[in-house]
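# Close look at the chain arrangement
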Amino acid sequence: MNESSWGTPPGAGQWGPPDHGPAASLRGAAPPVPAGPLHDVGGAAQTRPMPIVPEPGGHQDDHRDIRDSSDNRGAARLSGPLFRDDRPQEPMPTSPPGSDSGPVKPQKKSAGRNLRAAIGVGVGLGAVILASLFVYKPVFIGVIAIAVVVGLWELTSRLAERKDIRVPLVPLAIGGTAMVVAGYVRGAEGAWVAMALSTLAVLVWRMTEAPQNYLRDVTAAVFAAFYVPFLATFVALMLAAADDGPERVLTFLLLTVVSDTGAYAVGWRFGKKKLAPRISPGKTREGLVGAVLFAMVAGALCMQFLIKDAAWWQGLLLGLAVAVSATLGDLGESMIKRDLGIKDMGTLLPGHGGIMDRLDSLLPTAPVVWLLFVIFVGSG
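Owing to the predicted nature of the structure, the values given are computational and were not obtained by experimental measurement.

## Concerning the side chain of Ser334
On the secondary structure map, Ser334 appears in helix H8 (residues 312–340). A polar contact of 2.9 Å, which involves the side chain of Ser334, links it to the backbone oxygen of Asp330. With residues up to four places along the chain from it excluded, the contact list for Ser334 reads Ile279, Ser280 and Lys283.

## Details of the pairing of strand S6 (residues 280–284)
Consecutive side chains of a regular strand alternate in pointing toward one face of the sheet and then the other. As paired strands, strand S5 (residues 274–276) and S6 are joined by 2 bridges and run antiparallel to one another. Considered in S6, the bridge of Lys274 is made with Thr284. The antiparallel hairpin formed by S5 and S6 contains 3 residues in its connecting segment.

## A closer look at the packing of helix H7 (residues 285–305) against H8
Running from N to C, H7 and H8 cross one another at 140°; their axes reach a closest spacing of 7 Å. By the angle class used here, H7 and H8 are oblique. For the pair H7 and H8, the crossing hand works out as right-handed. Every residue of H8 that contacts H7 at Leu288, Ala291, Val292, Ala295, Met296, Gly299, Ala300, Met303 and Gln304 is listed here: Trp312, Gln314, Gly315, Leu316, Leu318, Gly319, Leu320, Ala323 and Thr327.

## Structural notes on a nonpolar patch on the surface
Nonpolar side chains collect at one region of the surface, where Val193, Leu197, Leu200 and Val204 lie side by side and expose about 370 Å² of accessible area between them. We classify Val193 as partly exposed; its relative accessible area is 48%.

## Let's talk about the environment of Asp244
Note on placement: Asp244 falls in the loop between helix H5 (214–241) and helix H6 (245–270). For the pair Asp244 and Leu306, spaced 62 residues apart in sequence, the C-alpha separation works out to 8.5 Å. If near-sequence neighbours (up to four positions away) are discounted, Asp244 is found in contact with Ile307 and Lys308.

Rules used throughout
- Each chain carries its own residue numbering, running from 1 in the written order of its sequence.
- Only residues with pLDDT of 70 or above have their local features reported here, since the model is predicted, and side-chain atom pairs are shown and tallied only from 80 upward, although totals for entire chains, interfaces and linings are computed over all residues.
- The basis for every side-chain value is the complete set of non-hydrogen atoms in the structure, without hydrogens or water.
- Numbering of helices and strands runs from the N terminus; a helix is a DSSP stretch of H or I covering at least four residues, while a strand is a stretch of E covering at least two.
- Two N or O atoms form a polar contact when they lie within 3.5 Å of each other; inside protein one atom must be a possible hydrogen donor and the other a possible acceptor, and for residues adjacent in sequence the pair counts only when both atoms belong to side chains.
- Contacts are assigned to residue pairs with any non-hydrogen atoms lying within 4.5 Å of each other.
- Here, strands pair whenever DSSP counts at least two bridges between them.
- Throughout, an axis means a line fitted to C-alpha atoms (over the contacting stretch in the case of helices), and angles, computed between N-to-C directions, take values from 0 to 180 degrees.
- Each angle is binned into one of four classes, with values under 35 degrees roughly parallel, values over 145 roughly antiparallel, values of 65 to 115 roughly perpendicular, and all other values oblique.
- Take the far helix as your reference; a near helix turned counterclockwise from it by less than a right angle gives a left-handed crossing, and one turned clockwise gives a right-handed crossing.
- Only residues whose relative accessible area exceeds 30% and that form no salt bridge are eligible for patches; like-charged ones are grouped when within 9 Å, while nonpolar side chains (Val, Leu, Ile, Met, Phe, Trp, Tyr) are grouped when within 5 Å.
- The protein chains shown are the only cover counted for residues, whose accessible areas, like all others here, come from Shrake-Rupley with a 1.4 Å probe.
- We define a salt bridge as a side-chain nitrogen of Lys or Arg found within 4 Å of a carboxyl oxygen belonging to Asp or Glu.
- Exposure is judged per residue with a 1.4 Å probe applied to protein chains only, and the accessible area is read against the type maximum: over 50% gives exposed, under 20% gives buried, and values in between give partly exposed.

Spelled out as structure tokens, the structure:
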């Protein structure tokens, strides 16, 4: 048997009585323990067996102990791999050096955001939308207008902070509100007229400042006017189009939310293949499949039970279109945020980000749903 199997401590290869003098007490050193029954001193083999000396502070879980016949106070133990399981054990992950936290437990997969806050905010917004939608339609138009103004404020603020693009917010906010109201009162023609007047107002407003970067600023303003208020106008068109306008808007909202939820749930649980890693690394192809399946099922149910004169198979097509448009809208805003170098457009909604981080899927989906409703069941 070699000495390594005994776990030989440093200095154990010396023969002699243990040092129990005052120096040892001051040093706090433990008596040396010999490595085995045979020791080599100066090259000569010693045949006299070594006395077994108890090791101070020995482990209490060693597998073999030798006890004195008279009492248990002089118990001595042999330790080392010989008396333990020789199979290598899987090391547990430990905390960094100097930490007292002990072994680190494996971390569970995180969803990446505050789900409690996100659910609470979502429920609150849903209650406000449903109450205004089915109680008094003009109040819901006001909710849309407020969301448009806040979304424009977030977008123009980020453009100014990150790119130094000065977009005039006042004419955009007034023009955006006018687009939503005109769409509800006068239909699509009213929305187009309000869009044209808003663009003209932005061009004139920007003339009051220095001419440097004029073209860049007004181009960004026209983009903002189209991206936020004009696309939101199609929700007002759905509400005013027919007697079942609230049901159409509810279907539009449900399908978009269900699509986002399906993509999030399936992608978080099963997602492996990236959908667009350069734009949004968190989105996966499996998540897109989940969005399509969830939205198609919800579309079939909504068209069957909420929309008059509609068929369930039309809901399948509607759900597919919503899943695709919502995903493209989400990727489109992710592209904008990546270009601006930001994570969220704002911090107004805990667990969600800003208003624009919730409108990213809804805005491009609104004209798609409005058009399919016109094709499937008409506009009035």
